[in-house]
Amino acid sequence: MDCRISDRTAHRFEQLTILHRNAAFNLAYWILRSPQEAEDVVQDAYVRAFRAFSTFNGKSSRPWLLAIVRNAAHTALEARKRDRSIILPVDDFEVREGCPAIEAASAAPSREAQLMASSEGQRLMEALSRLALKHRDILVLREMEGFTYSEIAEITGLPIGTVMSRLSRARAELRQALVPCAAKTGPDVIEPCAER
């Protein structure tokens, strides 16, 4: 193979995918709930994506890349379960050394990072972390990453109706988790809810 062609290919790959690094990390983080594992999965996914770059159809690289990241994260999650080394997340939202662990999901300030700065945002993220994985990843793709239903269907390999149904259920579960908190504390008081 001519080196110039591979250099061109590598450059094009980088141009099309590097902008989506934070989105890739956020998705992997919310699936695995471990910053270290998420970083490993993103690196693995980028290697897989580069190897499969010849199959890229030239449309939007973001859904194509995140489909690879999602698959790699689910593979890592299954491997973790098979190895019986399931790591139960220690309160991911605990403040350690003055830095909320939740901010590890993205190095650059984003919509969700600004939301997490508030205690309401932290409660929202805690409730999100308790959602079933099949609902959590759909909600992250839609609400945090801004994907359309059809893009989410492409990423997940699910029919668009299933995406819409899971998103609706995820929103309902999230709302149910948050509404009792608001009722207990009142609209102007922000206090964490006790675990049920």
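Because the structure is predicted, anything quoted here is derived from the model rather than measured. Here, residues in each chain are numbered from 1, in the same order as that chain's written sequence. In keeping with the model being predicted, local features are shown solely for residues with a pLDDT of at least 70 and side-chain atom pairs are shown and tallied solely at 80 or more, while totals for entire chains, interfaces and linings include all residues. Water and hydrogen atoms were dropped before computing side-chain values, which therefore reflect all heavy atoms in the structure.

> Please explain the nonpolar core as it appears in this structure.
For soluble globular proteins, the rule of thumb is that nonpolar side chains tend to be buried together. Only buried residues count toward a nonpolar core. Its members are Ala, Val, Leu, Ile, Met, Phe, Trp, Tyr and Cys residues joined through side-chain atoms within 4.5 Å. Throughout this description, buried means an accessible area under 20% of the type-specific maximum (1.4 Å probe, protein chains only), exposed means over 50%, and partly exposed covers the range between. Trp 64, Leu 66 and Leu 128 are the most contacted members of the largest nonpolar core, which has 46 residues in total. For this core, the secondary structure elements donating two or more residues are helix H2 (21-32), helix H3 (35-51), helix H4 (61-82), helix H6 (119-129), helix H7 (133-144), helix H8 (149-156) and helix H9 (160-185). Here, residues are in contact when the closest pair of their heavy atoms is within 4.5 Å. Beyond its immediate chain neighbours, meaning those up to four positions away, Leu 128 contacts Trp 30, Arg 136, Leu 139, Val 140, Met 144 and Leu 174. A run of H or I in DSSP counts as a helix once it spans at least four residues, and a run of E counts as a strand once it spans at least two, with each numbered from the N terminus.

> What exactly am I supposed to notice about unusual backbone geometry here?
Glycine aside, the phi torsion of most residues is negative, and most peptide linkages are trans. At Arg 33, a residue that is not glycine, the phi angle is positive and equals roughly 55°. Looking at where Arg 33 falls in the secondary structure, it is placed in the loop between H2 and H3.

> Before we go on, may I ask you to explain H7 in this structure?
One turn of an α-helix holds 3.6 residues; hence residues three or four places apart share an orientation. Every helix has an expected span of 1.5 Å times one less than the residues it contains. For H7, which comprises 12 residues, the first-to-last C-alpha distance of 15 Å matches the rise-based estimate of 16 Å (1.5 Å per residue) to within 8%. The element H7 is largely enclosed, with a buried count of nine among its 12 residues. The complete set of buried residues in H7 reads Leu 133, His 135, Arg 136, Asp 137, Ile 138, Leu 139, Val 140, Leu 141 and Met 144.

> How should I be thinking about the packing of H2 against H3 in this particular structure?
All axes are obtained by fitting lines to C-alpha atoms, using only the stretch in contact for helices, and the reported angles, taken between N-to-C directions, cover 0 to 180 degrees. Axis separation between H2 and H3 bottoms out at 8 Å; the angle between their running directions is 130°. Accordingly, the angle class assigned to the pair H2 and H3 is oblique. Crossing handedness for the pair H2 and H3: right-handed. Residues Arg 21, Ala 24, Phe 25, Ala 28, Tyr 29 and Leu 32 of H2 form the contact with H3, whose own contacting residues are Pro 35, Glu 37, Ala 38, Glu 39, Val 41, Val 42 and Tyr 46. Side-chain classes follow a simple rule in which Ala, Val, Leu, Ile, Met, Phe, Trp, Tyr, Cys and Pro form the nonpolar group, Asp, Glu, Lys and Arg form the charged group, and the remainder, Gly included, forms the polar group. Classifying every residue of the contact of H2 with H3 gives 10 nonpolar, no polar and three charged. Any angle that is under 35 degrees is reported as roughly parallel, and any over 145 degrees as roughly antiparallel; angles of 65 to 115 degrees are reported as roughly perpendicular and all others as oblique. Throughout, a crossing is termed right-handed when the near helix is turned clockwise from the far one, and left-handed when it is turned anticlockwise from it by less than a right angle.

> Help me understand H8, please; the structure alone is not making it clear to me.
Among the residues of H8, Ile 152, Ala 153, Ile 155 and Thr 156 are the ones counted as buried. With its buried residues spanning 165° around the axis, H8 presents them on a single face. Two residues or fewer after H8 comes Gly 157, characterised by a positive phi angle close to 75°. Summarising the geometry, the arc corresponds to the directions from the helix axis toward the C-beta atoms.

Fair warning: the whole summary comes from geometry, so function is off the table for now.
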